[in-house]
Amino acid sequence: VTGSTNLVLVFNEKVNKGSAGSIIIFSNGTPVEAIVVGTAPASIISVADSIVTINPTNNLPTGGAINVVVQTNTFTDLAGNGYLGNASDWPFTI
């Protein structure tokens, strides 16, 4: 993974942007970006059926541990059920 790589979430069903919740990106435990999904433009958060692409505003910092937290209700399924969030974060290194 490079710092300029988009982040991709793949769900098992079609989803939409939710009206609440954020995606928070941490580098070595420090928040480096918070994206409010409901108001983020398609250039930052795009949804195509079951695939969500996150294009952070800035490149992610290299040389450290990255954790991505997707909060509750950030996305909804077509029935309106909110995503429960990722309690264990989404860790990786660049």
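Residues numbered from 1 in each chain as written. Predicted model: local features only at pLDDT ≥ 70, side-chain atom pairs only at ≥ 80, totals over all residues. Heavy atoms only, no water.

## A few points about the environment of V36
Logical step 1: Tracing the backbone shows V36 in strand 4 (residues 30-36).
Logical step 2: Between the C-alpha atom of V36 and that of V69, which follows or precedes it by 33 residues, the distance is 12 Å.
Logical step 3: Residues in contact with V36, not counting those within four places in the same chain, are G21 and S22. (Helix = DSSP H or I, 4+ residues; strand = E, 2+ residues; numbered from the N terminus. Contact = heavy atoms within 4.5 Å.)

## Comments concerning the pairing of strand 4
Logical step 1: Of the strand pairs in this sheet, strand 3 (residues 22-27) and strand 4 are connected by six bridges, and their pairing is antiparallel. When the bridges of strand 4 are listed, I25 appears paired with E33.
Logical step 2: Adjacent in sequence and paired antiparallel, strand 3 and strand 4 are bridged by two residues, among which N28 carries a positive phi angle near 50°. (Pairing = 2+ DSSP bridges.)

## Quick look at unusual backbone geometry
Logical step 1: For N28, which is not a glycine, the phi torsion comes out positive at approximately 50°.
Logical step 2: Tracing the chain through its elements places N28 in the loop between strand 3 and strand 4.
Logical step 3: Overall, N28 belongs to the exposed group, its relative accessible area being 54%.
Logical step 4: Of note, the phi angle at N73 is positive, near 65°, even though the residue is not glycine. (Buried < 20%, exposed > 50% of the residue type's maximum accessible area, 1.4 Å probe, protein only.)

## Some thoughts on the packing of aromatic side chains
Logical step 1: In total, this model carries three aromatic pairs according to the counting rule given.
Logical step 2: A ring pair is formed by F11 and Y83, whose centres lie 5.4 Å apart and whose planes are at 90°; its orientation type is edge-to-face. Residue F11 is found in the loop between strand 1 (7-10) and strand 2 (15-17), and its partner Y83 is found in the loop between strand 8 (75-77) and strand 9 (90-93); the two are separated by 72 residues along the sequence.
Logical step 3: Exposure remark for Y83: the relative accessible area of 25% places this residue in the partly exposed category.
Logical step 4: One aromatic cluster is present, built from ring pairs that chain together F11, F75 and Y83. (Phe/Tyr/Trp six-rings, centres within 6.5 Å; stacked < 30°, edge-to-face > 60°.)

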